[in-house]
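# A closer look at the structure
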Amino acid sequence: MFTGQGSQRIGMGRELWAQWPAFRREFDAACEALGRHLGGDLKAVMWGSDEGQLAETGWTQPALFALQAGLAALWRSWGVEPDYVAGHSLGELSAAYVAGVFTLEDASRLVAARGRLMQALPSGGSMAALGLPEAQVRALTEGEAVSLAAVNGPSSVVISGESGAVRTVMEKCVVQGGRATELAVSHAFHSSLMLPMLEAFRDVAESVGYQRPSVAVVSNVSGEVGGEALCTAGYWVAHVMETVRFADGVGTLLNDGVTEFIELGPQGTLLGMVAECLGDGVEDVQLVASLQRKRGESEAV
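Let us look at the structure shown here. Keep in mind that what you see is a predicted model, and the values were worked out from it rather than measured.

Counting residues in each nonpolar core, the largest one holds 85 residues, and the members touching the most others are Leu-42, Phe-102, Met-197, Phe-201, Tyr-210 and Trp-236. Considering each element in turn, this core owes the most residues, eleven residues, to helix H5 (residues 57-77).

Let us now look at the packing of aromatic side chains. Using the criterion set out here, one finds nine aromatic pairs in the structure. Where Phe-23 meets Phe-27, the ring centres are 5.3 Å apart and the plane angle is 15°; that geometry is what we call stacked. Placement of the pair is Phe-23 and Phe-27 together in helix H2 (residues 21-38), with a separation of four residues, close to one helical turn. Phe-27 shares its class with Phe-23; the two are buried. Taken together, a centroid distance of 4.9 Å and an interplanar angle of 85° make the contact between Tyr-235 and Trp-236 edge-to-face.

Over its 21 residues, H5 extends 30 Å from the first C-alpha to the last, a length consistent with the 30 Å expected when each residue adds 1.5 Å. In terms of residue burial, H5 counts as a mostly covered element, since 19 of its 21 residues are buried.

This paragraph deals with unusual backbone geometry. Glycine aside, the phi torsion of most residues is negative, and most peptide linkages are trans. Residue Ser-89 is not a glycine yet carries a positive backbone phi of 60°. Note on placement: Ser-89 falls in the loop between strand S1 (84-86) and helix H6 (90-98). Under the relative-accessibility criterion, Ser-89 is labelled buried at 12%. Positive phi outside glycine occurs at His-190, with the angle close to 55°.

What the three strands build is an open sheet, ordered S1-S6-S7; its pairing is mixed. What marks the edges here is a single partner per strand, and that holds for S1 and strand S7 (225-226).

Okay, the sheet that holds strand S3 (residues 146-153) next. One open sheet holds the four strands; their spatial order is S3-S4-S2-S5, and the pairing between them is antiparallel. Two strands lie at the open edges of the sheet, namely S3 and strand S5 (180-182), each paired on one side alone. Here the strands of the sheet are splayed against their neighbours by 25° on average, with no regard to which way each runs. Relative to strand S4 (residues 156-162), S3 is paired through six bridges, and the arrangement is antiparallel. Looking at the pairing, Ala-150 lines up with Val-158 of S4.

Moving on, we come to the side chain of Ser-163. Tracing the chain through its elements places Ser-163 in helix H9 (residues 163-175). What makes Ser-163 buried here is its relative accessible area of 16%. Other than its neighbours up to four places away in sequence, Ser-163 contacts Gly-124, Gly-125 and Ser-126.

This part covers the pairing of S3. Most of S3 is tucked away, with seven of its eight residues classed as buried. Where S3 folds back on S4, the antiparallel hairpin that results is connected by two residues.

Moving on: the packing of H5 against H6. For any two helices packed against each other, the geometry is given by the interaxial angle and the distance between the axes. Where H5 contacts H6, the axes come no closer than 10 Å and their chain directions differ by 40°. It follows from the interaxial angle that H5 and H6 lie oblique. As for the relative orientation of H5 and H6, their crossing is right-handed in sense. Contacts between H5 and H6 involve Gln-61, Leu-64, Phe-65, Gln-68, Ala-69, Ala-72 and Arg-76 on the former and, on the latter, Leu-90, Gly-91, Leu-93, Ser-94, Tyr-97 and Val-98. Looking at the contact of H5 with H6, its residues break down into eight nonpolar, four polar and one charged.

In this structure the tally under the stated criterion is 13 salt bridges. Glu-81 serves as the salt-bridge partner of Arg-76, at 3.0 Å between the closest nitrogen and oxygen. Of the residues examined, Arg-76 reaches a relative accessible area of 30% and is grouped as partly exposed. Between Arg-245 and Glu-134 there is a salt bridge; the shortest N-O distance is 2.8 Å. Of the two residues, Arg-245 sits in the loop between helix H11 (233-241) and helix H12 (246-255) while Glu-134 sits in helix H8 (residues 134-141), which places them 111 residues apart along the sequence. By relative accessible area, Arg-245 is classed as buried at 16%. Overlapping salt bridges, with partners in common, bring together Glu-134, Arg-138, Arg-245 and Asp-248 in one network.

The rules behind these values
- Residues numbered from 1 in each chain as written.
- Predicted model: local features only at pLDDT ≥ 70, side-chain atom pairs only at ≥ 80, totals over all residues.
- Heavy atoms only, no water.
- Core = buried A, V, L, I, M, F, W, Y, C linked by side-chain atoms within 4.5 Å.
- Buried < 20%, exposed > 50% of the residue type's maximum accessible area, 1.4 Å probe, protein only.
- Helix = DSSP H or I, 4+ residues; strand = E, 2+ residues; numbered from the N terminus.
- Phe/Tyr/Trp six-rings, centres within 6.5 Å; stacked < 30°, edge-to-face > 60°.
- Expected span 1.5 Å × (residues − 1).
- Pairing = 2+ DSSP bridges.
- Axes fitted to C-alpha atoms, helices over the stretch in contact; angles between N-to-C directions.
- Contact = heavy atoms within 4.5 Å.
- Parallel < 35°, antiparallel > 145°, perpendicular 65-115°, else oblique.
- Left-handed = near helix turned anticlockwise from the far one by under 90°.
- Nonpolar A, V, L, I, M, F, W, Y, C, P; charged D, E, K, R; others polar.
- Salt bridge = Lys/Arg side-chain N within 4 Å of Asp/Glu carboxyl O.

Spatial relationships are all this shows, so hold off on functional conclusions.
This is the structure:
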């Protein structure tokens, strides 16, 4: 499982780079490939001191991709091969790369363009995490300029859209007894406010090559294992605005008998969502975080 935007932190990957050659080779190759499209030194941004710069979408998404590519190579160097891969939003591009849908060069071009075009959009949108079931949240958003950005668990939904409308839905949620937390984001991802970037992103998506995945990829768009659809520009363009159906994806994995989940990212963000989806069955699976925010990277991995 590959973590999405918001999990990034300054210095991520530096200890792994120093200790593990398998990580270093893939990470350096990814930084070099991404650097051809970024107009700057990705590694310097990741390992510098400016958290604000790393939090800029144009840097965040490439940084997470480079880290995740390196982590996947590290796990494979230890003989751990995935039966399935899945990601959350940006993380699905990392998952698809690991599954062989893109070459490193094509994945880097797509990731860099995605982050750059999102960063260039006007600010003003908002996102919020609501603690109510999807059906209730859908009812609350009727008539509002708000989209369902993600369904992460049975009672864990993220909304996205115009700031005033998002706050109105948050207030309705609280009245119905749900929690509502506004997220610290630069843009309203997975909403109609992404529409102005789609044409330019489609041009990039149509310029890259695609191969059928060699590992099963669980789609954010459908919540099921994807196939030929992943090998089209249209899928990745729609992926920008569609609801991230992460909870459905976890259900698909559980129905297929998956019992071991490894998160590849700066911290174990997705594992909590998996645990919520599991409920009382959480003791029947293994949930493993490659890295943890409050532990050294070498110790954690």
